[in-house]
Amino acid sequence: MSFNLADISLEEKRRALEELADVKELFASRNWFPGTSGNLSIRIGDFHPEQFYFAVTASGKDKTKRTPEDFLFVDQYGKAAEATNLKPSAETLIHCEIYRLTGCGAVFHVHTVFNNLISEYYGEQGAVPIQGIELIKAFNIWEENAAIDIPVLPNYADIASIAKLVPGVLNDQLPGILLRNHGIYAWGRDVFEAKKHLEAFEFLFETTYRSLLLKTLK
Ligand SMILES: CSC[C@@H](O)[C@@H](O)C(=O)COP(=O)(O)O
Ligand SMILES: [Zn+2]
């Protein structure tokens, strides 16, 4: 089995780029890309763990702007799958690993104040424990008073070293991983689901932060 980027219809590629541009614009309006941080991707075409393609944000761009040079297509190794001067996100290998292991359709990464503070607070522990908050249902976990543990990985400078740790912490039930003092990776079947998951994680981080602070006032 082998296929090329050229085998995927222009219509599907155009739709993926438009969806990415729209969600990028929305997240930018929430100040979710401070200082050019963050990266987004959408998978296109067929999926086989050993071969797939996705559109990803180009590295180092001002992600609050909409330009013709915002995205490029890469393969399962994170290498450009077309002739381009653009460089894929420096963190593309983490997207590759998440796609390879989950077969999901979209991966979103943002740096926010709340996800950074919470990742450091629980960094040593290696996971953020959250229980009994309604929005856990956004992850399709419906039991009453459900408890989740959001994994926190060390923020190595070498992205390949972080990517190697992903299989060890991946949990079928939970579409997200924090990098310590860095940000969150959230994913889903498609853009709608990945966005829903990312929003739920951010809500849970903010709630956890504020509730820890409230407890100090007792
Ligand atoms: C400029 S700070 C952010 C980067 O170091 C990185 O963490 C990030 O999220 C964006 O990198 P990029 O290569 O633009 O995808
Ligand atoms: Zn980042």
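For clarity, every value in this text was computed on a predicted model and none was experimentally measured. (Residues numbered from 1 in each chain as written. Chains lettered and ligands numbered in written order. Predicted model: local features only at pLDDT ≥ 70, side-chain atom pairs only at ≥ 80, totals over all residues. Heavy atoms only, no water.)

In the first shell of the zinc ion (ligand 2), the protein supplies E91 (OE), H109 (NE2), H111 (NE2) and H182 (NE2), at 2.1 to 2.7 Å from the metal. The site at the zinc ion (ligand 2) holds six donor atoms, and with the angles between them running 74 to 173°, its shape is octahedral. Here the donor residues of the zinc ion (ligand 2) are spaced in sequence according to E-x17-H-x1-H-x70-H. (Donors = N, O, S within 2.8 Å, 3.2 Å for Na, K, Ca; no water. Tetrahedral: all angles 85-135°; square planar, octahedral: opposite > 155°, others 65-115°.)

Moving on: the confidence of the model for the protein chain. On average, residues of the protein chain score 97 in pLDDT, and 100% of them are at 70 or above. Predicted complex metrics record ipTM = 0.97 and pTM = 0.98. (pLDDT = per-residue confidence, 0-100.)

Moving on, we come to the pattern of salt bridges. Tallying each qualifying case throughout the model produces 15 salt bridges. For D22, the salt bridge identified is with R66, shortest N-O distance 2.9 Å. Of this pair, D22 sits in helix 1 (residues 10-29) while R66 sits in the loop between strand 2 (51-57) and strand 3 (71-75), placing them 44 residues apart in sequence. The exposure class assigned to D22 is partly exposed, which follows from its relative accessible area of 41%. (Salt bridge = Lys/Arg side-chain N within 4 Å of Asp/Glu carboxyl O. Helix = DSSP H or I, 4+ residues; strand = E, 2+ residues; numbered from the N terminus. Buried < 20%, exposed > 50% of the residue type's maximum accessible area, 1.4 Å probe, protein only.)

A word on the state of the cysteines. Across all of its chains, the model carries zero disulfides by this definition. Summary of cysteine pairing: C96 is not part of a disulfide, and the nearest cysteine sulfur, belonging to C104, is at 11 Å. According to the relative accessible area criterion, C96 is buried, its value standing at 4%. (Disulfide = S-S within 2.5 Å.)

Taking burial as the measure, the six residues of strand 8 (residues 183-188) include six buried ones, the bulk of the element. Burial along strand 8 is two-sided: the residues G183, Y185 and W187 and I184, A186 and G188 are all buried. Turn length for the strand 7 (residues 176-179)-strand 8 hairpin, with the two strands adjacent in sequence and antiparallel, is three residues, and the turn residue N181 shows positive phi of about 55°. (Pairing = 2+ DSSP bridges.)

A separate point is the packing of aromatic side chains. According to the stated counting rule, one finds 12 aromatic pairs in the structure shown. With 6.5 Å between their ring centres and 50° between their planes, F27 and F33 make a pair best called tilted. The same class applies to F27 and to F33, which are both buried. Cluster of aromatic residues (ring-pair linked, three or more members): F27, W32, F33 and F108. The aromatic ring of W32 is capped on one face by R30, whose charged end is 5.1 Å from the ring centroid. (Phe/Tyr/Trp six-rings, centres within 6.5 Å; stacked < 30°, edge-to-face > 60°. Lys NZ or Arg CZ within 6 Å of the ring centre and 35° of its normal.)

All right, on to the site of ligand 1 then. Residues in contact with ligand 1 amount to 14 residues; listed here are only the nearest, S59, G60, K63, S89 and E91. The side chain of N39 places a nitrogen or oxygen atom 3.0 Å from an oxygen atom of ligand 1. A distance of 3.0 Å is found between an oxygen atom of ligand 1 and a side-chain nitrogen or oxygen belonging to H111. (Near = heavy atom within 4 Å. Polar contact = N/O pair within 3.5 Å; in protein donor to acceptor, adjacent residues only side chain to side chain.)

With numbering aligned to this structure, UniProt lists the feature "binding site: Zn(2+)" (unreviewed entry) at H109 and H111. You can see H109 is positioned in strand 4 (residues 106-110). H109 gets classed as buried once you look at its relative accessible area, which sits at 0%. When near neighbours in sequence (up to four residues on either side) are disregarded, H109 contacts F33, G38, N39, L40, E91, H182, G183, I184 and Y185. For H111, the position within the fold is in the loop between strand 4 and helix 3 (113-121). Of note is the side chain of H111, whose polar atom sits 3.1 Å from the side chain of H109. (UniProt positions renumbered as here; feature names shortened; annotations may be inferred. Contact = heavy atoms within 4.5 Å.)

Under the 1.5 Å per step criterion, the end-to-end length of helix 1 is 29 Å for 20 residues, consistent within 8% with the ideal 28 Å. Considered for burial, the residues of helix 1 that qualify are K13, A16, L20, A21, V23, K24, F27 and A28. Looking at the buried residues of helix 1, the elements they touch are strand 1 (39-48), strand 2, strand 3, strand 4 and helix 5 (191-216). Positive phi appears at N31, one or two residues downstream of helix 1, with a value of about 60°. (Expected span 1.5 Å × (residues − 1).)

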